[in-house]
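In case you want the letters, here they are:
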Amino acid sequence: MGCWNPANSKYLYGVRNEMHIISLPSTEQHLWRALLVVCRIAYRGGRILFVNNRADYADIVQECGESCGQQSYTDSSLVPWFAEQDFSWLNKSKPDLVICSSVNHPRSPTALLLHCNKYLVPSIGILDSDVDATHLTYVVPGNDDSTQSVVLYHKIFARAV
């Protein structure tokens, strides 16, 4: 079995062929909870920021942000921006919610999530078996390595807006 986070065992159905299988009832429960948050924030006219640094998902995430009239940061050139320590802009023009598709990717926006916590901006992230959910407010257990999975989650989030 590959690298995984034992804290996520409660979201797993089991293991098959050395692959972790995420529990669909767990995914469903957490997805509904996250969608409720998205709907409430969108209903109030809140700003939702879709964040992703993986080049293979950039178009997907940007399209979803645009389709629902929200912002998205998908450019891999923003990696240094995510690593900066000055996130004072979050306090001035902060989003009301941040949705991340690749939390454990080497170029993940961990620094951004830390500052979201600092400025009390809730975050939603897809929680694969290897993800550290410490800095996420809401998790949605699922596969963050599959393009089809990322497309599905982001289309669902965009429709909720």
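Residues numbered from 1 in each chain as written. Predicted model: local features only at pLDDT ≥ 70, side-chain atom pairs only at ≥ 80, totals over all residues. Heavy atoms only, no water.

Enquirer: So what about the packing of helix α2 (residues 58-67) against helix α6 (residues 147-160)? Which residues, and what values?
Expert: The interhelical angle for the contact between α2 and α6, taken along N-to-C directions, is 10°, at an axis separation of 9 Å. Taken together, α2 and α6 sit at an angle that is classed as roughly parallel. Residues I60, V61, C64 and S67 of α2 pack against T147, V150, V151, H154, K155 and A158 of α6. Of the residues in the contact of α2 with α6, the class split is six nonpolar, three polar and one charged. (Axes fitted to C-alpha atoms, helices over the stretch in contact; angles between N-to-C directions. Helix = DSSP H or I, 4+ residues; strand = E, 2+ residues; numbered from the N terminus. Parallel < 35°, antiparallel > 145°, perpendicular 65-115°, else oblique. Contact = heavy atoms within 4.5 Å. Nonpolar A, V, L, I, M, F, W, Y, C, P; charged D, E, K, R; others polar.)

Enquirer: Before we move on, can you summarise the state of the cysteines with the specific residues and values?
Expert: As enumerated under the stated definition, the model contains zero disulfides in all. Looking at C64, it has no disulfide partner, and the nearest cysteine sulfur is the one in C68, 7.3 Å off. Residue C64 is classed as buried on the basis of its relative accessible area of 4%. No disulfide involves C116; its sulfur sits 7.0 Å from that of C100, the nearest cysteine. Given the relative accessible area of 0%, C116 is considered buried. (Disulfide = S-S within 2.5 Å. Buried < 20%, exposed > 50% of the residue type's maximum accessible area, 1.4 Å probe, protein only.)

Enquirer: Explain the confidence of the model for the chain to me, and be specific about the residues and the numbers.
Expert: Taken as a whole, the chain shows an average pLDDT of 83; of its residues, 84% reach a score of 70 or greater. Highest mean pLDDT in the chain belongs to helix α1 (residues 24-43) (96); lowest belongs to helix α3 (residues 79-83) (48). (pLDDT = per-residue confidence, 0-100.)

Enquirer: Run through unusual backbone geometry, naming residues and quoting values.
Expert: Here N17, not a glycine, exhibits a phi torsion of approximately 50°, which is positive. Mapped onto the elements, N17 comes out in the loop between β1 (12-16) and β2 (19-22). What makes N17 exposed here is its relative accessible area of 66%.

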